[in-house]
Amino acid sequence: VQFVESGGGLVQPGGSLRLSCAASGFTSGFTFSSYAMRWYRQAPGKERGLVATINSAGSYTNYADSVKGRFTISRDNSQNTVYLQMNSLKPEDTAVYYCNTNANNPVWGQGTQVTVSS
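A. Quick peek at the pairing of strand E9 (residues 95-100). The buried count for E9 comes to six of six residues, which makes it a mostly enclosed element. Here five bridges tie strand E4 (residues 37-42) to E9, and the two strands are oriented antiparallel to one another. The residue bridging Arg41 from the neighbouring strand is Tyr97, located in E9.

B. How the structure looks around the side chain of Thr112. With respect to the helices and strands, the residue Thr112 is situated in strand E10 (residues 112-116). Given the relative accessible area of 8%, Thr112 is considered buried. Looking at Thr112, its side chain comes within polar contact range of the main-chain nitrogen of Gly8, at 2.9 Å. Residues contacting Thr112, with those up to four places away along its chain left out, are Glu5, Ser6, Gly7, Gly8, Leu19, Ala95, Val96 and Tyr97.

C. Focus on the nonpolar core. Judged by nonpolar contacts, the single largest core of 27 residues is most densely connected at Trp39, Val82, Leu84, Met86 and Tyr97. Of all elements in the fold, only strand E3 (17-24), E4, strand E5 (49-54), strand E7 (71-76), strand E8 (81-86), E9 and E10 reach the threshold of two or more residues within this core. The element that contributes the greatest number of residues to this core is E3, accounting for four residues.

D. Fine view of the sheet that holds E3. Spatial ordering of the open sheet is given by E1-E3-E8-E7, a layout of four strands whose pairing is antiparallel. Since the sheet does not close on itself, it has two edges, and those belong to strand E1 (2-6) and E7, each with one partner. Direction aside, the axes of adjacent strands within the sheet are offset by 15° on average. Sheet topology note: the E7/E8 ladder contains six bridges and is antiparallel. Pairing of Phe71 across the sheet is with Met86, part of E8.

E. Looking closely at the state of the cysteines. What the rule picks out here adds up to one disulfide. What pairs with Cys21 in a disulfide is Cys99, and their sulfur atoms sit 1.7 Å apart. Note that Cys21 is positioned in strand E3 and Cys99 in strand E9, a separation of 78 residues in sequence. In this structure, Cys21 and Cys99 share a single accessibility class: buried.

Definitions and cut-offs
- Residues numbered from 1 in each chain as written.
- Predicted model: local features only at pLDDT ≥ 70, side-chain atom pairs only at ≥ 80, totals over all residues.
- Heavy atoms only, no water.
- Buried < 20%, exposed > 50% of the residue type's maximum accessible area, 1.4 Å probe, protein only.
- Helix = DSSP H or I, 4+ residues; strand = E, 2+ residues; numbered from the N terminus.
- Pairing = 2+ DSSP bridges.
- Polar contact = N/O pair within 3.5 Å; in protein donor to acceptor, adjacent residues only side chain to side chain.
- Contact = heavy atoms within 4.5 Å.
- Core = buried A, V, L, I, M, F, W, Y, C linked by side-chain atoms within 4.5 Å.
- Axes fitted to C-alpha atoms, helices over the stretch in contact; angles between N-to-C directions.
- Disulfide = S-S within 2.5 Å.

In structure tokens form, the structure reads like this:
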């Protein structure tokens, strides 16, 4: 399985970004729609942490307390893509953002850099 994240950039505090993650290479009878998907982030000098989760059907979502009410995770199973809409961005949201099925998956994409700064 491969993940390609995109949509990051430099934004001022209070701004918005929409991240995308395209997944491919599912095998053994499993498809993108078989898996819950998650967004993670890693800030400089910190461990990678879970930001948001969406179940396989897109009917359940969960968020880290630090982003609750500001970020929205969604998915399009027809496009094998998961999204992260980020509003009211803060400097502490600055990090490289990754998507994956779960943290134990050894395969990670290159991530997309989000920098929140004035």
